[in-house]
Amino acid sequence: MEAEKALMQKIARVLDESGASNAAHIRKLKDLSTLRSASSSSLFFSAFSKTLIPLFAFPRRTSSAERTVRFIATFASKCDSTTAFLEEFFRFLLNAATAANKTARFRACQMISEIIMRLPDDAEVSNELWDEVIECMKLRVGDKVPLVRALAVRALARFANDSENSDILDLFLEALPLEHNAEVRKMIVLSLPPSNATSVAILDHTLDVSEVVRKAAYYVLASKFPLQSLSIKVRTIILQRGLADRSAAVTKECLKLLKDEWLVKCCNGDPIELLKYLDVETYELVGESVMEALLKAGAVQLQDDQSIRQFIVATSNEIEGESGHCIPRIQLMEAEVALYWKTVCRNLQMKAQERGSDAAATMGTEAAVYAAEASDNNDLLERVLPAMVSDYVELVKAHLDAGSNYCFASRQLLLLGAMLDFSDATNRKVASGFVQELLHKPIEYEVDADGNKVVMGDGVNLGGDREWADAVSGLARKVHAAAGEFEEVLLGVVEELAQPCRERTADFLHWMHCLSVTGLLLENAKSFRWMQGKSIEPDELLQSLLLPGAKHVHLDVQRVATRCLGLFGLLERKPSVELVKQLRFCFVKGPSSISIVACKALIDIGMWHGPQEVDRAMGLELSSLLHENKMTFSPVNLCDMNEDWNVELLDLLYAGLNVNDWIKSVDMDENESVQAILGEGFAKILLLSENYPSIPASLHPLFLSKLIILYFSNETKELQRLKQCLSVFFEHYPSLSADHKKCISKSFMPVMRSMWPGINTKAGGSPFMVSNMRKLAVQASRFMLQMMQAPLYAKETEKRNENQNNELPEVLDGFSEPSLDFECGEAGLAIRIAAEVVSFHAKKTPAQKSYVSALCRVLVLLHFRLSEQGAIKLMRRLLNHVAESAFAEHEVVKELKRMAERLKAIDREPDQGLSQEQANCILGKILPSHK
């Protein structure tokens, strides 16, 4: 015993000194090894293990304690396996890992993980012991202490690569999505070996809520997954998420992956080679963000012999006695090369502009430095770009003539035109001729097996592609930069293309080409002022081209013409009668593809001019007072409508939300539908209601009710665009304004009545269907409750407090009501629900009983503010009647009693009642029927 105590003191002294500094570890390892050699194995292990017991009771992770643990792990991993010390120590730690004390489990798992990480690959440890260690650590992965779980995962990480221990990998993949602690998730991600299964899990956690987990995911992707082992889609997802991450640390880790691993190691520092791994033709935005990140990080260096000019080689030929005539020979660019040069040139131009602005904003030496940097960037840009505009034009033409495989490269080169100088008359003349060629280029098509011509592209924009049309308009605006010149040039092209359409000799391809150029003009025109007195007047354009096009027999022509009508209406000072009539006709009578475009146009024109102006164009005149107080929509049957429509615009659009045939006719591969367009339009009106004063606020609850019903409807579950739009809308709408919460409160009862089977409609269908409908209604009620309880944004809260301070309280028979603020809060909703419950008679149908029960379950979740004394007293009175109406539901009645007790506790004068006049005053503010 004395010998063991003396040895314990010596071991304790060594451990204390090892915790003081890492520098002493080598020397102290020798001291501890000497003590082990001088003692019997059983005596040393007994003394050593007993000396460690205080450490197992020390919970704090101090620096000295962590150094001591690392020292112990290093000593154990270096022990000669023939002494059996390592196996004995492992078994000692395994016993501690299953202790009831969480600190003991933590220290045991910490030491086990440290030892395993330090053991050499050839360490001689029995398989039975490893099996015990693995089973114990697998058990600790489910420990209730997060730190223990993390250390157990770390201990198992070394075994996860072994095919014999596939159950460890399965355990990691199973635990990862269920783990709530960020540090444990981080440890699991770092411990995953490279494989197809783990790549999916790691990729999912590039969207983790925790910054440390996302950073760990990018670290693992960089260190364990070579670029070639990942699919193109996975590569682009990694970069798209990482470079746009909100955390600077995560973005830095992703940039490290991009630059150090993928660019330098896998692509030998060649950015063009890297772009080839990303399929920039499909993922153009990702390619641009990659180049911008590399340029910003200084990872792309231009060599002296690198420029776009190397793709333009001038050859001198003698043609019929002419000497020195140079014909440029063009070397075609691949898609990656074209994107590379576009981003490089754009970066140089941006840096030159930034430095020029900095030079103008400063003085002295600093301004001179900025000006010199701007000049250097401009010189480099000039050296990179083609020497002459004619060379640039020939370069783009060569790619256009090369066919569809070079369409992407052609567009990238076309965007370079915005960086060229067209101030010289000769250059402008050459570029103007090229713009004319681009505008006159006919639509491409294919011939199917039946001999029918099929348009290539979207059939709406110039060139069949939105990006191509934007590139052409950008070049045209740069070349024809003088005021009104752009409109004059495009009107000239339209007038020329419209001639065969007027004469009715044009086929549908020519119609579509003409209308696509017209759409390009109308999209980019600032006003009709610049189109007056030109080759074709706006009214002539409408009457001779757009309206006939909308009535054309070919659906594709109708679609592009309807789009042009919408653009034309936005430029008009007041919408014209013929235009509005045609759009309404296309919306109601047209096929789905035409109705979608007409729907967009009507919403845009209605929001731009105001629905009253659109109605006036149809001869519908309503007094402003009637319009502002409009509470309901007029019923409209779109299926039976004739051309003599006496229907207001908002009524017409609202009726469109109720047409189920549109939902059924939509191909689910399409991204758009009439319901999605209408839902998005009404969501914009509600979200930005202050910008649309011409739309009555009294209609907002009807809009919102319909959107909530659509969001929870089974019939629209396949309309992903609508679902995505509404999910974003509902996330922000309740927090933007207190008036929005008032609108939600007003919408609550209409939504519940509409969705609950057997209230507004007959409870038809099987019990299973009725049950599902009730579940959806309950989900909707909880969803609206969540919106009501969502906090307001900070600016809106300050504004609301100011308004409350400025309002004078209303006094009625000694009772003071501070403001109408309770209408916008939970108190107003509670009174609405209570009034709805009380409105049902004692004898209820099964549907009404379940409806009342569901309302009461929401009611008890609402809270009142102390300042809402009038509403509190009224609610206390209503609760008695509510309890009577729900007397059959014992659990609900208990919750209602608890709510009554809470209200009594916050009532400043609980014994003073509320007069009938005071109650009617409050009810009149919330329920118009009680006024």
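These figures come from a predicted structure and were not determined experimentally.

A. Focus on the overall build of the protein. The helix and strand inventory of the protein stands at 43 helices and six strands. Structurally, the protein occupies a C-alpha span of about 115 × 105 × 70 Å along its principal axes. Counting all 931 residues of the protein, 50% fall into the buried class. Of the contacts made within the protein by residues no fewer than 6 positions apart, 71% connect residues no fewer than 24 positions apart. Working note: accessible area of the protein is about 45,300 Å², and carbon and sulfur atoms make up 51% of it. Measuring between centres, the 105 positive side-chain charges of the protein sit 9 Å from its 123 negative side-chain charges.

B. Region of the structure containing the environment of Ser915. Mapping Ser915 onto the fold places it in the loop between helix 42 (890–906) and helix 43 (916–926). Between the C-alpha atoms of Ser915 and Gly142, which are 773 residues apart in sequence, the distance is 61 Å.

C. Main features of empty space enclosed by the protein. Within this structure, the stated rule accounts for two cavities of 30 Å³ or more. Elements represented by at least two residues in the lining of the largest cavity include exactly helix 28 (592–609) and helix 31 (649–656). Residue classes in the lining of the largest cavity are distributed as eight nonpolar, one polar and no charged.

D. Quick peek at unusual backbone geometry. The backbone of Asp279 sits at a positive phi, close to 50°, despite the residue not being glycine. Assignment of secondary structure puts Asp279 in the loop between helix 15 (271–276) and helix 16 (284–296). For Asp279, a relative accessible area of 25% puts it in the partly exposed group. Notably, Arg504 is not glycine yet its phi reads approximately 60°, a positive angle. Among the residues examined, Arg504 registers a relative accessible area of 53% and is labelled exposed.

E. Molecular detail of the confidence of the model for the protein. Residues at a pLDDT of 70 or more form 91% of the protein, whose mean pLDDT is 87. When the criterion is pLDDT under 50, residues 318–324 qualifies, and its contacts beyond four places in sequence or with other chains add up to six contacts. Confidence over residues 807–820 falls short of pLDDT 50; this stretch has 28 contacts with residues more than four positions distant or in other chains.

F. Up close: the environment of Ala834. Tracing the backbone through its elements, the reader meets Ala834 in helix 39 (residues 826–838). Judged by its relative accessible area of 0%, Ala834 falls in the buried class. The sequence separation of Ala834 and Leu879 amounts to 45 residues, and the corresponding C-alpha distance is 7.2 Å.

G. Structural context of the packing of helix 12 (residues 211–224) against helix 14 (residues 248–267). In contact at an axis separation of 8 Å, helix 12 and helix 14 are set at 5° when each is read in the N-to-C sense. Of the possible angle classes, the one that applies to helix 12 and helix 14 is roughly parallel. Contacts between helix 12 and helix 14 involve Glu211, Arg214, Lys215, Tyr218, Tyr219, Leu221 and Ala222 from the former and Ala249, Val250, Glu253, Cys254, Leu257 and Glu261 from the latter. For the contact of helix 12 with helix 14, the class distribution of residues is eight nonpolar, no polar and five charged.

H. Main features of the pattern of salt bridges. Taken as a whole, this structure holds 39 salt bridges when the rule is applied. The salt bridge involving Asp556 is made with Arg559; its shortest N-O contact spans 3.9 Å. One end of the pair, Asp556, and the other, Arg559, are both in helix 26 (residues 555–571), three residues apart, so they sit about a helical turn from each other. Of the residues examined, Asp556 reaches a relative accessible area of 26% and is grouped as partly exposed. Here Arg857 ties to Glu889 by a salt bridge, and the two come within 3.7 Å at their closest N and O atoms.

I. Region of the structure containing the packing of aromatic side chains. Applying the stated criterion across every chain yields a total of 26 aromatic pairs. Measuring from centroid to centroid gives 5.7 Å for Phe44 and Phe48, while their planes differ by 20°, and the two rings are stacked. Placement of the pair is Phe44 and Phe48 together in helix 3 (residues 41–56), with a separation of four residues, close to one helical turn. Assessed through its relative accessible area of 1%, Phe44 is described here as buried. On the accessibility criterion, Phe48 (1% relative accessible area) is buried. Seen from their ring centres, Trp130 and Phe159 are 5.3 Å apart, and the 65° between their planes marks the pair as edge-to-face. You can see Trp130 sitting in helix 7 (residues 127–140) and its partner Phe159 sitting in the loop between helix 8 (146–156) and helix 9 (166–175), a full 29 residues away along the chain. For Trp130, a relative accessible area of 18% corresponds to the buried category.

J. Inspection of helix 1 (residues 2–18) at higher detail. Under the 1.5 Å per step criterion, the end-to-end length of helix 1 is 25 Å for 17 residues, consistent within 8% with the ideal 24 Å. Within the sequence span of helix 1, burial applies to Glu4, Leu7, Ile11, Val14, Leu15 and Ser18. Summarising the axial view, the buried residues of helix 1 lie within an arc of 95°, below the 170-degree limit, and thus occupy one face. Structural note: helix 1 exposes Glu2, Gln9 and Asp16 on the side pointing more than 90 degrees away from its buried face. Residues of helix 1 that are buried make contact with helix 2 (25–37), helix 3 and helix 4 (63–78).

K. Structural detail: helix 4. The end-to-end C-alpha distance of helix 4 is 23 Å, a good match for the 22 Å that 16 residues give at a rise of 1.5 Å each. In terms of burial, helix 4 is largely enclosed, as twelve of its 16 residues are buried. When we look at burial in helix 4, the residues that qualify are Ala65, Glu66, Arg67, Thr68, Val69, Phe71, Ile72, Ala73, Thr74, Phe75, Ala76 and Ser77. Those residues of helix 4 that are buried lie in contact with helix 1, helix 2, helix 3, helix 5 (85–97) and helix 6 (102–118).

L. Summary view of the packing of helix 1 against helix 3. Remark: helix 1 packs on helix 3, axes separated minimally by 9 Å, with the N-to-C direction vectors making an angle of 55°. The angle between helix 1 and helix 3 places the two elements in the oblique class. You can see that helix 1 and helix 3 cross each other, and the crossing is right-handed. Between helix 1 and helix 3, the residues in contact are Glu4, Leu7, Met8, Ile11, Ala12 and Leu15 and Leu43, Phe44, Ser46, Ala47, Phe48, Lys50, Thr51 and Leu52, respectively. Per-class residue counts for the contact of helix 1 with helix 3 are ten nonpolar, two polar and two charged.

M. View of the state of the cysteines. Taken as a whole and judged by the stated rule, the model has zero disulfides. Between Cys725, a free cysteine, and Cys599, which holds the nearest cysteine sulfur, the sulfur-to-sulfur gap is 12 Å.

N. Local environment of the side chain of Asp208. Here Asp208 lies in the loop between helix 11 (196–204) and helix 12. Other than its neighbours up to four places away in sequence, Asp208 contacts Arg185, Val213 and Arg214.

Cut-off values and rules
- In every chain, residue numbers begin from 1 and rise along the written sequence.
- Local features are withheld for residues below a pLDDT of 70 in this predicted model, meaning they are given only at 70 or higher, and side-chain atom pairs are given and counted only at 80 or more; totals for whole chains, interfaces and linings count all residues.
- Hydrogens are left out, water is left out, and the side-chain values use all remaining heavy atoms of the structure.
- The numbering of helices and of strands both runs from the N terminus, where a helix is a DSSP run of H or I of at least 4 residues and a strand a run of E of at least 2.
- Remark: exposure states derive from per-residue accessible area (1.4 Å probe, protein chains only) relative to the maximum for the residue type, with buried under 20%, exposed over 50%, and partly exposed in between.
- Two residues form a contact once any of their heavy atoms are found within 4.5 Å.
- Here, Shrake-Rupley sampling with a 1.4 Å probe gives the accessible areas, and only protein chains in the shown set may cover a residue.
- In this tally, Lys and Arg are treated as positive and Asp and Glu as negative; His is ignored, and so are the chain termini.
- By convention, charge coordinates are those of NZ in Lys, CZ in Arg, CG in Asp, or CD in Glu.
- Residues are called lining when one of their atoms sits within 4 Å of a cavity or pocket point, these points coming from a 1 Å grid over the protein atoms alone, where a cavity is a set in which a 1.4 Å probe fits but cannot get out and a pocket is an open set with protein on both sides within 12 Å along at least five of seven lines.
- Grid points are joined across faces, edges and corners, and a volume is the space filled by probe spheres set on the points.
- Residues are grouped as follows: Ala, Val, Leu, Ile, Met, Phe, Trp, Tyr, Cys and Pro are nonpolar; Asp, Glu, Lys and Arg are charged; all remaining types, including Gly, are polar.
- pLDDT is defined as a per-residue confidence score from the predictor, taking values between 0 and 100.
- Where helices are involved, their axes are fitted lines through C-alpha atoms of the stretch in contact, as for all axes, and angles between N-to-C directions lie from 0 to 180°.
- An angle counts as roughly parallel when it lies under 35 degrees, as roughly antiparallel when it exceeds 145, as roughly perpendicular when it falls between 65 and 115, and as oblique in every other case.
- By convention in these notes, a salt bridge is any Lys or Arg side-chain nitrogen within 4 Å of a carboxyl oxygen on Asp or Glu.
- A pair of aromatic rings is counted whenever rings of Phe, Tyr or Trp (Trp by its six-membered ring) have centres within 6.5 Å, and the orientation is called stacked for planes under 30 degrees apart, edge-to-face for over 60 and tilted otherwise.
- A helix is expected to span 1.5 Å multiplied by its residue count minus one.
- This arc corresponds to the set of directions leading from the helix axis out to the C-beta atoms.
- Crossings are sorted by hand: turned counterclockwise from the far helix by less than a right angle, the near helix makes the crossing left-handed, and turned clockwise it makes it right-handed.
- For this text, the term disulfide refers to a pair of cysteine sulfurs within 2.5 Å.

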